[in-house]
Amino acid sequence: MTTHFSENWFLEFYADLIEFMQDNENNFTKWGDVLHDQLHEFYVTNPHGDMVRWKASFDQLPNVEGVEKNLNTSAITFSSDQFSLQDNGHLNHALKGLLPWRKGPFQFFDTKVDTEWRSDWKWDRIENHLAPMHGRIVLDVGCGSGYHMWRMLGAGAKRVVGVDPSKLFFWQFEATKKYVKLASNVSDSPIKSANIPVHLLPFKLEDVPAKLGAFDTVFSMGVLYHRRSPLDHLTELMQVLRPGGEVVLETLVIEGEEGQVLVPDDRYAMMRNVWFLPSAATLCQWMRRLGFKNIRIVEQNYTSLEEQKATQWMSYNSLKDFLDPNDITKTAEGHPAPLRATIIANI
Ligand code: SAH
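In this text, all values refer to a predicted model and were calculated from it rather than measured experimentally.

## Notes on the site of the ligand
Near the ligand lie 16 residues; those nearest to it are Lys122, Gly142, Asp164, Glu206 and Met221. Take Leu205: an N or O atom from its main chain is 3.0 Å from a nitrogen atom of the ligand. A total of 570 Å² of accessible area belongs to the ligand in isolation, and the protein chains cover 87% of it. Tallied by class, residues from the shell around the ligand come to six nonpolar, four polar and six charged.

## A closer look at the nonpolar core
Ranked by size, the top nonpolar core spans 97 residues in total, and within it Tyr14, Trp31, Phe108, Trp150, Leu201, Phe215 and Phe219 carry the most contacts. In terms of residue count, the dominant contributor to this core is helix 7 (residues 167-183) (10 residues). Judged by nonpolar contacts, the second largest core, of nine residues, contains Ile254, Tyr268, Leu277 and Phe322.

## A word on the sheet that holds strand 7 (residues 137-141)
Strand order in the open sheet made by the seven strands is 9-8-7-10-11-17-14, with mixed pairing throughout. Of all the strands in the sheet, the pair left with one neighbour each is strand 9 (198-201) and strand 14 (293-302). This sheet shows a mean twist of 15 degrees between the axes of neighbouring strands, independent of strand direction. Bridge analysis of strand 10 (residues 215-221) against strand 11 (residues 241-253) gives six bridges, and the strand direction is parallel. Within the sheet, the bridge partner assigned to Met221 lies in strand 11 and is Glu250. The sheet strands contacting helix 2 (residues 29-45) are strand 8 (159-163), strand 9 and strand 10, and the helix crosses strand 9 at an angle near 60 degrees.

## Some words on the packing of aromatic side chains
Tallied over the entire structure, the rule returns 29 aromatic pairs. Ring plane angle 25 degrees and centroid distance 5.7 Å describe the contact between Phe78 and Phe108, whose orientation is recorded as stacked. Taken together, the residues Phe78 in strand 2 (residues 76-79) and Phe108 in strand 4 (residues 106-108) connect sequence positions 30 residues apart. The pair formed by Phe78 and Phe108 is uniform in burial state, with each residue classed as buried. Taken together through their ring pairs, the aromatic side chains of Trp9, Phe10, Phe13, Tyr14, Phe42, Tyr43, Phe58, Phe170, Trp171 and Phe203 make up a single cluster. One residue, Lys96, lies across the ring of Trp313, its end atom 4.7 Å from the ring centre. Arg159 extends its terminal NZ or CZ atom over the ring of Phe20, reaching a point 3.9 Å from the ring centre.

## What to know about the pattern of salt bridges
In total, this model carries 14 salt bridges according to the counting rule given. One salt bridge in this structure joins Glu307 and Arg125, with 2.9 Å as the shortest N-O distance. With Glu307 in the loop between strand 14 and helix 10 (319-322) and Arg125 in helix 5 (residues 119-126), the pair connects residues that are 182 residues apart, well separated along the chain. Note that Arg242 and Asp216 form a salt bridge whose closest N and O atoms lie 2.7 Å from each other. Linking Arg242 in strand 11 with Asp216 in strand 10, this pair joins segments that are 26 residues apart in sequence.

## Quick word on the side chain of His335
Mapped onto the fold, His335 is located in the loop between strand 16 (327-331) and strand 17 (339-346). Residue His335 is classed as buried on the basis of its relative accessible area, which comes to 16%.

Conventions adopted
- Residues numbered from 1 in each chain as written.
- Predicted model: local features only at pLDDT ≥ 70, side-chain atom pairs only at ≥ 80, totals over all residues.
- Heavy atoms only, no water.
- Near = heavy atom within 4 Å.
- Polar contact = N/O pair within 3.5 Å; in protein donor to acceptor, adjacent residues only side chain to side chain.
- Areas by Shrake-Rupley, 256 points an atom, 1.4 Å probe, with all protein chains shown as cover.
- Nonpolar A, V, L, I, M, F, W, Y, C, P; charged D, E, K, R; others polar.
- Core = buried A, V, L, I, M, F, W, Y, C linked by side-chain atoms within 4.5 Å.
- Buried < 20%, exposed > 50% of the residue type's maximum accessible area, 1.4 Å probe, protein only.
- Helix = DSSP H or I, 4+ residues; strand = E, 2+ residues; numbered from the N terminus.
- Pairing = 2+ DSSP bridges.
- Axes fitted to C-alpha atoms, helices over the stretch in contact; angles between N-to-C directions.
- Contact = heavy atoms within 4.5 Å.
- Phe/Tyr/Trp six-rings, centres within 6.5 Å; stacked < 30°, edge-to-face > 60°.
- Lys NZ or Arg CZ within 6 Å of the ring centre and 35° of its normal.
- Salt bridge = Lys/Arg side-chain N within 4 Å of Asp/Glu carboxyl O.

Rendered as structure tokens:
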């Protein structure tokens, strides 16, 4: 099969989102005005070297009749009694072409995509603390494969936009969306992604137009510690929200008093791009200083070797290899092992 990219091919995936954001009634026109050009720049002017290979894998995904979906269970699940052995071969080949799968799990018919992370455990820990998703327009910053976006839709969100600069994740996300679409019987629509109000944009939070002031909820999970400038990240989160909106912030923290923060000299748990690990109390103080209201720590949890591990869908090193083999309360570098906190606040 040959994979072709026509000029503006990305509109197949984004036309409905651009239309929504350009509509004066939706408060997103600041983004709607530039979104087409941002996408053109990303996909056409500077395409990633693996784009053709990933698109070819995506194109191999079989069209299945009678698909049913379940977005409210630990694995995002698709099933059909018309799924054939031949479909299974094509599906496996296509999904394997999109390795590594980090965030999940997913159950695509007979194939369980057992991802590096049990992202469902994170969702289970936070879900009861969230303002009800029903009717909300949500931004998921650093959305990875989009696993949590489907849980948000399943919980009743009206629309979910994810941003993540990692290019492979778009295709994992679209593979999932293909079956959500088939399960929703909108595959004959002239705009293929019509009526599924969930989109992944291949950008960073910094690329969202300044002071958008439009989302009801913004999630930033697993991103803050990757930023050199955490207060800028928090400010940007604030500025995408409408007045009264909610921020859900999950990040690596250390145990300790207000004022304590770890800035590793070099790597942290083998990661090069880790900057600030504040105590949860310090993080709350930063947020107070920036003007967030109603700030509360809703959970704090050491990542277990069961929650993050190598699998056949992500066969590189994982948490066990990033910790001190003689003392798993420490990272390989001797720092405290990964502890994560979730803080929810309003503006
Ligand atoms: N939110 C998911 C995934 C976390 S992994 C979860 O909690 O399970 C962190 C993700 O953040 C990565 O996929 C990475 O590509 C993305 N990321 C890193 N810097 C970012 C930035 N500045 N803006 C948006 N996403 C970013």
